[in-house]
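Take a look at the letters that make up each chain.
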Amino acid sequence: MVQALGVAVVGFGWMGRVHTQAYARVRHHYPHLALRPELVTVAEEVPGRAEEAASQFGFASTTRDWREVAADPRVHAVSITAPNFLHREIAVAMAGAGKHIWVEKPVGLSTDDARAVADAVAEAGVQGAVGFNYRNAPAVEAARDLIAAGEIGTVTHARIRLFSDYAAHPEGALTWRYERERGGSGVLGDLASHGADLARFLLGDIASLTADTAVFLPERARPAAATAGHARAAGGELGPVENEDYVNCLLRFASGARGVLEACRVSVGEQNNYGFEVHGTTGAVFWDFRRMNELRVSRGTEYQDQPVSTVYVGPGHGEFAAFQPGAANAMGYDDLKVVEAHRFLRSIAEGTPYGATVQDAVYSAAVLDAMARSAEHGTWVGPETSG
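The structure contained in this document is the topic of the report that follows. The residue count restarts for each chain, going from 1 along the sequence in the order it is written. Where local features are concerned, this predicted model is filtered to residues with pLDDT of at least 70; where side-chain atom pairs are given and counted, the filter is 80 or more; whole-chain, interface and lining totals use all residues. Side-chain measures here rest on the full set of heavy atoms in the structure, leaving out hydrogens and waters.

Quick word on helix H5 (residues 111–124)
Applicable threshold: Per the convention used, a helix needs a DSSP run of H or I reaching at least four residues, while a strand needs a run of E reaching at least two, with both numbered from the N terminus. What a helix is expected to span follows from its residue count: subtract one and scale by 1.5 Å. Relative accessibility thresholds used throughout: buried, under 20% of the residue-type maximum; exposed, over 50%; partly exposed, between the two (1.4 Å probe, protein chains only). Here, residues are in contact when the closest pair of their heavy atoms is within 4.5 Å.
Look at H5: 20 Å from first C-alpha to last across 14 residues, which is about the 20 Å you get at 1.5 Å a residue. All of the buried residues along H5 are Thr111, Asp113, Ala114, Arg115, Ala116, Val117, Ala118, Ala120 and Val121. Contacts from the buried residues of H5 go to helix H4 (87–96), strand E5 (100–103), strand E6 (128–130) and helix H10 (358–377). One or two residues past the end of H5 sits Gly125, with phi positive at roughly 70 degrees.

Here you go:
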């Protein structure tokens, strides 16, 4: 028998919408899921936005105060898609109220924030999922399996890139995202957090790293009203950009492999250029998010001049079969969040974590903090993952 599960969404910008759509679709793709999510309430402080969400998606109620969600007995699971600086406070409160949480990355502004959330989840005995969506791509899961099976030999070196232009326009508004107190470490939290998760997901723990960061657009105009996404604010009063536009990081993995992780939010001409190249002693594997359903693979015994072939992922890879019946039928970004919703709900139903968890968020945050320390002091450092 399928059991109803009351869910809430806190923060209804673009990501809140994506989570809501994932809840609406999840049983279409996973009809045997033991839980049926029901949209109970949406919390959003921007006037009118919660009501718009309720009208479009059918939430039973709305509120401008997320604390009402924590106190609502109808709610059993909460998506936290509010700005980064609110993640710790909201997540700890929701877990403390006995509610399972699905929180977007980065989980707060630091390792301490992520660890506080992980501790609250453990103490309350609830499930805690995190939005590291790129690891959910069937091609990424196929690459991980290929690497683990030794099909490219012993991994020697890798490169992970996350380039975007969402902050490239000089008239981009000076929102919370560019403030240290509310936006944290800028592109480190926005994009490099995904890179740190992918690095560990594919290649294991990072032993040490050294990083360099930069701010390329040091001033932006303050917005005159509430904004959504990456709005423009031409002509407004200028204020300083306090966090990073760019990071470049050299990695040493516990396995002995070497890596490069590079992320930038002001890369003109780059739209979601995310991906990786992993090289081994007998081959290599390449993935580009913009061609999400393909892997380029080189393997064999030729070494020099060894060819590279394109593999189109299909029903035998990751969660592909839940969406498409045959290889080379495309999946998209929103599908990755449906996979994430399924794993979150399955975790609740079975009491066992599936997919990325708050512990993964702690590790990613420790890597980001290590990057910041390294950039400040110009030294190799290790992620402080315990504590």
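A short note on the sheet that holds strand E7 (residues 155–163)
The following threshold applies: Paired strands are those between which DSSP finds at least two bridges. Angular values range over 0 to 180 degrees, each being the angle between N-to-C directions of two axes fitted as lines to C-alpha atoms, with helices fitted over their stretch in contact.
Read from one edge to the other, the open sheet built from 8 strands follows the order E8-E11-E12-E7-E13-E14-E15-E16, with strand pairing classed as mixed. Single-partner strands in this sheet number two, and they are strand E8 (206–214) and strand E16 (309–312). Averaged over all pairs of adjacent strands, the angle between strand axes in this sheet comes to 15 degrees, irrespective of strand direction. Note that strand E14 (residues 283–288) and strand E15 (residues 294–299) share 4 bridges and pair antiparallel.

Observations regarding the sheet that holds strand E1 (residues 3–10)
Hydrogen bonds along the backbone pair up the strands of a sheet, which may run parallel or antiparallel. Taken in spatial order, the 6 strands of this open sheet run E3-E2-E1-E4-E5-E6, and their pairing is parallel. Each edge of the sheet is formed by a strand with only one pairing partner; in this case those strands are strand E3 (61–63) and E6. On average, adjacent strands in this sheet sit at an angle of 25 degrees to one another, irrespective of strand direction. By the bridge criterion, 4 bridges tie strand E4 (residues 77–80) to E5 in an arrangement that is parallel. Bridge pairing in E5 places Ser79 opposite Trp102. Helix H1 (residues 14–29) contacts E1, strand E2 (35–43), E4 and E5 of the sheet and is inclined by roughly 155 degrees relative to E2. Along the sheet, helix H9 (residues 333–350) contacts E1, E2, E4, E5 and E6; its crossing angle with E5, the most-contacted strand, is approximately 160 degrees.

As for the side chain of Glu104
By the element assignment, Glu104 lies in the loop between E5 and H5. We classify Glu104 as buried; its relative accessible area is 6%. Among residues more than four places away in sequence, those in contact with Glu104 are Met15, His19, Ile80, Thr81, His87, Gly131, Lys337 and Glu340.

A word on the packing of H1 against helix H2 (residues 49–57)
Angle between the axes and distance between the axes: these two values describe a pair of packed helices. Convention followed: For classification, angles of less than 35 degrees are called roughly parallel, those exceeding 145 degrees roughly antiparallel, those between 65 and 115 degrees roughly perpendicular, and all remaining angles oblique. Should the near helix be turned anticlockwise from the far one by less than a right angle, the crossing is termed left-handed; should it be turned clockwise, right-handed.
Two elements in contact, H1 and H2, have axes separated by 12 Å at closest approach and are oriented at 25 degrees. Here H1 lies roughly parallel to H2, going by the angle between them. H2 is crossed by H1, and the crossing has right-handed handedness. Seen from H1, the contacting residues are Arg17, Thr20 and Gln21; seen from H2, they are Glu52, Gln56 and Phe57.

A word on the state of the cysteines
For clarity, the cut-off: Throughout, a disulfide means two cysteine sulfur atoms within 2.5 Å of one another.
As enumerated under the stated definition, the model contains 0 disulfides in all. Here Cys249 stays unpaired: no disulfide links it, and the sulfur of Cys264, its closest cysteine neighbor, is 15 Å away. Using a relative accessible area of 0% as the deciding quantity, one classes Cys249 as buried. With a relative accessible area of 5%, Cys264 lands in the buried category.

Details of the nonpolar core
To be explicit about the condition: In this description, a nonpolar core means a group of buried Ala, Val, Leu, Ile, Met, Phe, Trp, Tyr and Cys residues linked to one another through side-chain atoms lying within 4.5 Å.
Judged by nonpolar contacts, the single largest core of 91 residues is most densely connected at Leu209, Val278, Val285, Trp287 and Met371. With 10 residues, the top contributor of residues to this core is helix H8 (residues 187–203). Dropping the residues within four chain positions of it, Val278 is found in contact with Ile147, Ile152, Val155, His157, Ala158, Leu203, Gly283, Ala284 and Val285. By size, the runner-up hydrophobic cluster in this structure holds 31 residues, among which are Ala8, Ile80, Val117 and Val362.

Brief notes about the packing of aromatic side chains
Our working rule: Pairing of aromatic rings covers Phe, Tyr and Trp, the last counted by its six-membered ring, and requires centre-to-centre distances within 6.5 Å; plane angles under 30 degrees mean stacked, over 60 mean edge-to-face, and any other angle means tilted.
One pass over the structure, following the stated rule, counts 15 aromatic pairs. When the ring of Phe12 is compared with that of Phe59, the centres are 6.4 Å apart and the planes differ by 90 degrees; the resulting orientation is edge-to-face. In this pair, Phe12 is assigned in the loop between E1 and H1 and Phe59 in the loop between H2 and E3, connecting sequence segments 47 residues apart. Note on Phe12: relative accessible area 3%, which makes it buried. Considering the side-chain rings of Tyr30 and Phe323, the 6.2 Å spacing of their centres and the 80 degrees angle between planes classify their relative orientation as edge-to-face. In this pair, Tyr30 is assigned in the loop between H1 and E2 and Phe323 in the loop between E16 and H9, connecting sequence segments 293 residues apart. Given a relative accessible area of 8%, Tyr30 falls into the buried group.

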